[in-house]
Amino acid sequence: MTMAVQPTPTTGNVQMPGLLRLPLELRNQVYRYLIPIKRIIEVSDPRFKYRISNKGTLGLDIAGLDIEEDVSDPDDSRLEQEGGDPESGLLEDTHMKDVADFGGCTDSAYEIVWNQVTTSWGTDRKKNSIFLVCKQISNEALDVMYGENAFRHYLHADGGLRLKRNFTDANRRRMRMLLLTAQHRGWIGGITPDIAMWSSIIPTLNILRLVAEQPVQETYLNAPPLEKSMESWFMFMQAFLNCFHHLLEGKLLEVDFNGKTETGEVVKECMLGGYREVRCRLSGDLIFRRGRFSYSSGYWDDDYHGFGSWDA
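Residues numbered from 1 in each chain as written. Predicted model: local features only at pLDDT ≥ 70, side-chain atom pairs only at ≥ 80, totals over all residues. Heavy atoms only, no water.

*Asks:* I tried to follow the sheet that holds strand β6 (residues 150-154) on my own but got confused; where do I start?
*Replies:* Think of a sheet as strands paired side by side through backbone hydrogen bonds, with each pair either parallel or antiparallel. Read from one edge to the other, the open sheet built from 6 strands follows the order β1-β6-β7-β8-β9-β10, with strand pairing classed as parallel. Where the open sheet ends on each side, the last strands, each with one partner, are β1 (40-42) and β10 (275-277). Along the sheet, successive strands turn relative to each other by an average axial angle of 25°, direction set aside. Two elements, strand β7 (residues 177-183) and strand β8 (residues 207-213), share 7 bridges in a ladder whose sense is parallel. (Pairing = 2+ DSSP bridges. Helix = DSSP H or I, 4+ residues; strand = E, 2+ residues; numbered from the N terminus. Axes fitted to C-alpha atoms, helices over the stretch in contact; angles between N-to-C directions.)

*Asks:* Just checking my understanding: could you explain a nonpolar patch on the surface for this structure?
*Replies:* A cluster of nonpolar side chains, contributed by L22, L26, V30, Y33 and L34, occupies part of the molecular surface with about 450 Å² of accessible area. Structurally, the position occupied by L34 is in helix α1 (residues 24-34). (Patch = residues over 30% accessible without salt bridge, like charges linked within 9 Å, V, L, I, M, F, W, Y side chains within 5 Å. Areas by Shrake-Rupley, 256 points an atom, 1.4 Å probe, with all protein chains shown as cover. Salt bridge = Lys/Arg side-chain N within 4 Å of Asp/Glu carboxyl O.)

*Asks:* Please clarify how the pattern of salt bridges should be interpreted in this entry.
*Replies:* Opposite charge on two side chains allows them to pair when their charged atoms are near. If you walk through the whole model with that rule in mind, you get 13 salt bridges. Two residues, K164 and D194, come together in a salt bridge whose shortest N-O distance is 3.2 Å. Taken together, the residues span a long stretch of sequence, with K164 in helix α5 (residues 161-166) and D194 in the loop between β7 and α7 (195-199) at a distance of 30 residues. Looking at K164, the relative accessible area reads 44%, which means it is partly exposed. E254 is the partner of R209 in a salt bridge, and the nearest nitrogen-oxygen pair spans 2.8 Å. Residue R209 is found in strand β8, and its partner E254 is found in strand β9 (residues 253-256); the two are separated by 45 residues along the sequence. The class for E254 is buried, based on a relative accessible area of 7%. Through salt bridges with shared partners, a single ionic network connects D256, R279, D285 and R290. (Buried < 20%, exposed > 50% of the residue type's maximum accessible area, 1.4 Å probe, protein only.)

Read these as spatial facts, not as claims about activity.
Right under this line is the structure:
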C-alpha cells in the first residue's frame, strides 16, 4: 500500500503563519521584542510595570488587563558596585558575582514611549495579541514570558497558595527563576508546604532563592517572647527546607539569612550541603536594611525607621 503524500499548505487550504517558517531561535527573538523580559513579577499581583515617558508610571498585568497607577521609584533597580559591605553580616567571600542581581532581572518598570499609548488611560492592549495567533506561537511566547522573567513570592503570607491560584500548572512549569522571602509572622507555625504544588515548579527551576529574616524580640505591648517566635520560625523553616531539598534533586538553593547563626544552622541541617549562602540585593538588602537601604543611607525617615522617605 502506497502512503499518500500530503500537499504543501497553500493559500487554498491551511496557511502556516509566516512566523513559524523561521527557526525557533529567531522566533524567540521576536517574542523577546514583544514581551518584557528580565523583570520581577509579584506572584500575588502578576503584572508588568510600565513606565510611560512624561506621563507617570502605569501597571499592566501579564494578561493585558487591569491598568492602575504605580508610584514606584523608577530608580529602584539601581545596584551598588560589587564588593564587601560591612553592614551585611556576610563574609567577604560570599558569592558576590552571583547575587548582584537575580538572573539579570530588575525591579525597574518596562519603559514605553508615549506614541505607543492609544488612550490617555492605558497602553496598547494589542501588545499581547501574540498569544492569540495560534496555539504553537502562544505556547512558545508563554515559554519566553515565564522563563525569562523572575517571580517573587512572600512565602510567609500563604506558603505558596497564590502560586497555585494565580498560575496554571503548565505555566508554573514554565517558570525558571523564583525568589522567595520568608519573614516571621504569628501564624507561620501552622503553614505547611503543598508538596504537589511545589512539585510542579521546583524541578524545572534554574534558580531558587530564599531570603529568610530570623525573628527578633518585638517591643510592642504583650509581644510574645522571642523563644516562642523562634519555635514557630524553626517549624516553618524546617518544613519548607525539607521540601525544597527533596525536590531540588541536586540543584543548589540560594539563601540569604544575613549571617544569623540559628537560621544558618537550620539551613545546614535541612539542606545537607545543597545550598549556598548569598547576598540578595533585590529583596535581602531591603529586608535587612543593608547597602542603599541601610538606616544611614538616607532612604528611611530619621524619626520612624521602617517608613521609607522615598515611599511616602
